[in-house]
Amino acid sequence: MIERIQKGLIAHLIGGEKAIIIYGARQVGKSTLLHDLFGKLDRVLWLNGDDIDVQHLFDNISSTRLKALIGQNKYVVIDEAQRIPSIGLRLKLITDQIEGVQVIVTGSSSFQLAKGVQESLTGRKREFLLFPLTYEEMVNHTNLLDEHRMIPHRMVFGYYPEVVTSPGQEREVLHELANSYLYKDVLTLDQIGKSEKIVKLLQVLAYQIGDQVSYHELGQLIGLDPKTIEKYIQILEKNFIIFRLGSFSRNMRNELKMSRKIYFWDLGIRNAVIANFQQVENRMDSGALWENFVIAERLKYLNIHHPFTNSWFWRTQQQKEIDYLEERDGVLQATELKWNEKKANVKVPESFAKAYPQAHFQVITPERVDDFLLSD
């Protein structure tokens, strides 16, 4: 079994008073992690929000019925809790009315689950985001040399646990993931009126990784108004399929201030969406794949180890650009990402250097990536 880094962080909270909320896309290993943590413990009540009878069980349930349901159990584990209507209020009932019981829930849609628990459990919960496997976890599972050699493979097939553990069957697994699980929550939301539109949107976004995204232009391509495009993108983001990177602007009038780029949390899913599993060395989009891979893995690392870190890209109206910026504790780090080692000899844009003289600048290529993905 591939050890998840969050396991140790969550284990320290078991037996405490705070509810544990674990977010993450379907099939990233949330249920496996729960069974790893609680499978050998006594007095655990296991519930699955995907089960219709469990959903009905919580309809208008009172604290008295909840106490009878939980009985002598010390832990209540609810998988895919976002499927249960008014789950936040139900969790609040358990936390408020039943002493000595700890609630642990997972959700593959922060759109549905977070809105239910934010107000209900304010100050009484700890939240974790579980990603597909990370570069760091795979280095820990094998070794640095082996995983570094696998980077081109990961840029095509990604890090979903079943993909990683099914060598030779990656295409079939990704096809199943993309068609059976990827849209399971997304397309059942009331906000989605036309499922074919959001599929088309994903395909267009897949071709635009690394580029600035215009909601107006996306709307023209797909046949939706910009507000609907933004709503759909927010839903895709809250279902952990994509993430947005905003533009950095502080000192210069010609800096882009409201621009954004969109990336995929997993490149296997991205490539499945456009049905392209060609080897990275032979692809026209290898530079964009490299940019997506490094930024996604860096954000995974920061989310686990340094969540109070800001991340952006930088660009001016004159097309001067830096792929990735981050700031933590007042230190600004600028990073340019180059798949081709021959293009690694680039300089920081003069306008950026003048505007932010204290910022550090680096170029990350495949030969230099390990420290960037595994250190502070």
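Data block above holds the structure.
Residues numbered from 1 in each chain as written. Predicted model: local features only at pLDDT ≥ 70, side-chain atom pairs only at ≥ 80, totals over all residues. Heavy atoms only, no water.

Engineer: Please explain the sheet that holds strand β5 (residues 125-129) as it appears in this structure.
Structural biologist: In a beta sheet, neighbouring strands are held together by backbone hydrogen bonds and run either parallel or antiparallel to one another. Read across the sheet, 5 strands follow the order β2-β3-β4-β1-β5 without closing on themselves; strand pairing throughout is parallel. The two strands at the open ends of the sheet, each matched to only one other strand, are β2 (44-48) and β5. The sheet shows a mean angle of 15° between the axes of neighbouring strands, taken without regard to direction. As paired strands, β2 and strand β3 (residues 75-79) are joined by 5 bridges and run parallel to one another. Bridge pairing in β3 links Val44 to Tyr75. (Pairing = 2+ DSSP bridges. Helix = DSSP H or I, 4+ residues; strand = E, 2+ residues; numbered from the N terminus. Axes fitted to C-alpha atoms, helices over the stretch in contact; angles between N-to-C directions.)

Engineer: Where do I start with the packing of aromatic side chains in this structure?
Structural biologist: The geometry of two aromatic rings is summed up by the distance between their centres and the angle between their planes. For the structure on display, the rule yields 14 aromatic pairs. For the pair Tyr159 and Phe293, a centre-to-centre distance of 6.4 Å together with 25° between the ring planes defines the contact as stacked. Remark: Phe293 occurs in helix α16 (residues 286-305) and Tyr159 occurs in the loop between α9 (151-157) and α10 (161-164); sequence separation between them is 134 residues. The same class applies to Tyr159 and to Phe293, which are both buried. When the ring of Phe243 is compared with that of Trp265, the centres are 4.3 Å apart and the planes differ by 40°; the resulting orientation is tilted. Of this pair, Phe243 sits in strand β6 (residues 242-246) while Trp265 sits in the loop between β7 (260-264) and α15 (267-273), placing them 22 residues apart in sequence. Each of the two residues, Phe243 as well as Trp265, counts as buried. Three or more aromatic residues link up through ring pairs in this structure, and these residues are Phe248, Trp312, Trp314, Phe352 and Tyr356. If you follow Arg260 out to its NZ or CZ, it ends over the ring of Tyr215, 4.1 Å from the centre. One Lys or Arg, Lys261, reaches over the ring of Phe313 and ends 4.8 Å from the middle of that ring. (Phe/Tyr/Trp six-rings, centres within 6.5 Å; stacked < 30°, edge-to-face > 60°. Buried < 20%, exposed > 50% of the residue type's maximum accessible area, 1.4 Å probe, protein only. Lys NZ or Arg CZ within 6 Å of the ring centre and 35° of its normal.)

Engineer: Help me understand the sheet that holds strand β10 (residues 331-337) in this model?
Structural biologist: Here 4 strands make up an open sheet; going across it, the order is β8-β9-β10-β11 and the pairing mixed. A strand with exactly one partner marks an edge of an open sheet, and here the two such strands are β8 (310-315) and β11 (360-364). Pairs of neighbouring strands in the sheet enclose a mean axial angle of 30°, with direction left out of account. Pairing of β8 with strand β9 (residues 321-328) involves 5 bridges; the strand directions are antiparallel. Of the residues in β9, the one forming a bridge with Arg315 is Glu321. Where α16 meets the sheet, its contacts fall on β8, β9, β10 and β11, and the angle it forms with β9 comes to roughly 5°. (Contact = heavy atoms within 4.5 Å.)

Engineer: Would you explain the nonpolar core in this entry?
Structural biologist: One finds Ile78, Leu205 and Phe293 to be the most contacted residues of the largest nonpolar core, which totals 107 residues. The greatest single-element share of this core, amounting to 9 residues, is contributed by α16. If we skip the residues at most four places from it in the chain, Phe293 touches Tyr135, Ile151, Arg154, Met155, Tyr159, Leu267 and Leu373. Core analysis: the second largest hydrophobic core is formed by 11 residues, Phe248, Trp312, Ala355 and Ala359 among them. (Core = buried A, V, L, I, M, F, W, Y, C linked by side-chain atoms within 4.5 Å.)

Engineer: Would you mind showing me how to read the pattern of salt bridges here?
Structural biologist: Note on pairing: side chains with opposite charge can pair once their charged atoms come close. What the rule picks out here adds up to 21 salt bridges. Salt-bridge contacts for Arg244 lead to Glu237; the nearest nitrogen and oxygen are separated by 2.7 Å. Owing to a relative accessible area of 28%, Arg244 belongs among the partly exposed residues under this scheme. Here Glu297 and Lys300 are joined by a salt bridge, their closest N and O atoms 2.7 Å apart. Placement of the pair is Glu297 and Lys300 together in helix α16, with a separation of 3 residues, close to one helical turn. Residues Glu297 and Lys300 agree in their burial class; the two are buried. (Salt bridge = Lys/Arg side-chain N within 4 Å of Asp/Glu carboxyl O.)

Engineer: Would you take a moment to explain the environment of Lys300 for this structure?
Structural biologist: Owing to a relative accessible area of 1%, Lys300 belongs among the buried residues under this scheme. Expressed as a C-alpha distance, the spacing of Lys300 and Phe131, which sit 169 residues apart in the sequence, is 7.2 Å. Contact partners of Lys300, with chain neighbours within four places excluded, come to Phe131, Pro132, Leu133, Thr134, Tyr159 and Trp265.

Engineer: What should I look at first to understand the packing of helix α13 (residues 215-222) against helix α14 (residues 226-238) in this one?
Structural biologist: Axis angle and axis distance: for two packed helices, these are the angle between their axes and the distance between the axes, and together they describe the pair. α14 packs onto α13 with a crossing angle of 100° between their chain directions and a minimal axis gap of 8 Å. Between α13 and α14, the angle falls in the class roughly perpendicular. Mapping the contact onto sequence places Tyr215, His216, Leu218, Gly219 and Ile222 in α13 and Pro226, Ile229, Glu230 and Ile233 in α14. Class assignment for the residues of the contact of α13 with α14 results in 6 nonpolar, 2 polar and 1 charged. (Parallel < 35°, antiparallel > 145°, perpendicular 65-115°, else oblique. Nonpolar A, V, L, I, M, F, W, Y, C, P; charged D, E, K, R; others polar.)

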